[in-house]
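# Coordinate analysis (summary)
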Amino acid sequence: MNKLERVESGLLGSRDALYRLERADSARLLVLSDTHGHYDLFESIVREYGPSSDAMLFAGDGMWDVVQYVENAYASERLKAALPPVVAFVAGNGDGDEYRVCLPSSGPIDDPSEAPGFSLTVPQRLVVKSCGFSVLLAHGHRHSVDVNPEILVSLARSLACDVAIHGHTHIPFAEEFASVLVLNPGSPSRPRGHHGPSFALVDLESTGLTPKITFCAVSAQSRGGFSFGENPVRL
C-alpha cells in the first residue's frame, strides 16, 4: 500500500517506504512505460502486480495515467492497497513537468484555486536505490536511446548506477553494457516492431550480482479486461 505522500520530485509514498526499499534484502520492481493514456490497462496492471511489488517505476509518456490512478486511489481503498509503497516516475517527451492531483471535495467550491489537491513535479531523471543496487530511471528521448544506449550508459556510470531503465522506443530490451544493465520494458499499449504489448518485473537480491528480469505480455480479452503472461529473461 502506498501512503500517497509526496516525498520529493518524482517520488510518491513515504520516506519510511523509501528507507525500507533501500535497505531491503530482496525487492520486486514493477516497471512500466509508454502507456499513452490507456488508463484501464494501466490500472489493470497495477491491480494485478502492484500488491506483490515493493516499488513501481514509470519511465514516462503516460503521466496522466499515473495521476488518474492516484486521484482514484484517494477514493478507493482497493486501488490504494494495490499501489506499491514507493512510486517513482519521470517525464517522457509527451509529458509535462508538473501535474495537479485533484482530491475529493466535501462540498461545492467557488474558487478553483481553493480546490483540494497537490502538485506532482516530474523530473527528467531519477535514481532509485534498493538492495544495494542503484537504478537510473529516464525516458531516454534526451539520451538517443532510439540509436543506441551509449549516452544513457555513460550517464548511469557517472551516477554510479548498476541499472538504467528507459522507455521511448516501445521495444522491450534487456542487455548489459559496460557493467550497466539496460532495460526497456516496452509499451503495454503501443508496441512497435515485431514485439507485442509488454511491461517488466525486476527482482533484486542484496546477495545477487545481477537482477532477474521478467517481461510480461499483455492480451486483451474478448469479453473485456486483460490477461498477462510472464517470460523470464536470461542475462
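Higher on the page you've got the structure.
Residues numbered from 1 in each chain as written. Predicted model: local features only at pLDDT ≥ 70, side-chain atom pairs only at ≥ 80, totals over all residues. Heavy atoms only, no water.

Time to look at the packing of aromatic side chains. As enumerated under the stated definition, the model contains 8 aromatic pairs in all. Plain terms: the ring middles of Phe42 and Tyr69 are 6.0 Å apart, the flat faces sit at 75 degrees to each other, and that makes the pair edge-to-face. Taken together, the residues Phe42 in helix α2 (residues 39-49) and Tyr69 in helix α3 (residues 63-75) connect sequence positions 27 residues apart. Across the pair, exposure class does not vary: Phe42 and Tyr69 are buried alike. Ring centres of Tyr49 and Phe228 lie 5.8 Å apart, and the angle between their planes is 70 degrees; this geometry places the pair in the edge-to-face category. Note that Tyr49 is positioned in helix α2 and Phe228 in strand β15 (residues 226-233), a separation of 179 residues in sequence. Through pairs of rings, three or more aromatic residues link up here, namely Phe42, Phe58 and Tyr69. (Phe/Tyr/Trp six-rings, centres within 6.5 Å; stacked < 30°, edge-to-face > 60°. Helix = DSSP H or I, 4+ residues; strand = E, 2+ residues; numbered from the N terminus. Buried < 20%, exposed > 50% of the residue type's maximum accessible area, 1.4 Å probe, protein only.)

Bringing the state of the cysteines into the picture now. What the rule picks out here adds up to 0 disulfides. Not engaged in a disulfide, the cysteine Cys216 finds its nearest cysteine sulfur in Cys131; these two sulfurs lie 18 Å apart. (Disulfide = S-S within 2.5 Å.)

Side chains carrying opposite charge are able to pair once their charged atoms draw close together. One pass over the full model with this rule turns up 3 salt bridges. Its salt-bridge partner being Arg15, residue Glu8 comes within 3.7 Å of it at the nearest N-O pair. For Arg15, a relative accessible area of 55% corresponds to the exposed category. (Salt bridge = Lys/Arg side-chain N within 4 Å of Asp/Glu carboxyl O.)

Considering the arrangement of structural elements, one finds Ser53 in the loop between α2 and β4 (55-58). Of note is the side chain of Ser53, whose polar atom sits 2.8 Å from the backbone oxygen of Tyr49. Ignoring any residue separated from it by four or fewer positions in sequence, one finds Ser53 in contact with Arg28, Leu30, Pro84 and Pro85. (Polar contact = N/O pair within 3.5 Å; in protein donor to acceptor, adjacent residues only side chain to side chain. Contact = heavy atoms within 4.5 Å.)

Of all hydrophobic cores here, the largest spans 33 residues; its most connected members are Phe42, Met56, Met63, Tyr69, Phe89 and Phe199. For Tyr69, the contacting residues outside a window of four places in its chain are Tyr39, Phe42, Glu43, Val46, Arg47, Leu79, Ala82 and Leu83. One finds Leu18, Ala88, Ile213 and Phe215 within the second-largest nonpolar core, a separate group that totals 31 residues. (Core = buried A, V, L, I, M, F, W, Y, C linked by side-chain atoms within 4.5 Å.)

The next thing to look at is the pairing of strand β6 (residues 98-102). A regular strand places its side chains on the two faces of the sheet in alternate fashion. The side-chain alternation of β6 yields one buried face, formed by Tyr99 and Val101, and one unburied face, formed by Glu98, Arg100 and Cys102. As paired elements, β6 and strand β7 (residues 117-121) share 5 bridges and run antiparallel to each other. Within β7, the position partnered with Tyr99 by the bridge is Leu120. (Pairing = 2+ DSSP bridges.)

Read across the open sheet, the 5 strands follow the order β8-β9-β10-β12-β11; overall the sheet is mixed. Across the chains shown, the open sheet's two edge strands, defined by having one partner strand only, are β8 (125-130) and β11 (173-177). For this sheet the average axis-to-axis angle between neighbouring strands, irrespective of direction, equals 20 degrees. Sheet analysis places strand β9 (residues 133-138) next to strand β10 (residues 163-165), joined by 3 bridges and oriented parallel. The residue bridging Val135 from the neighbouring strand is Val163, located in β10. (Axes fitted to C-alpha atoms, helices over the stretch in contact; angles between N-to-C directions.)

Taken by themselves, the reported measurements are silent on function.
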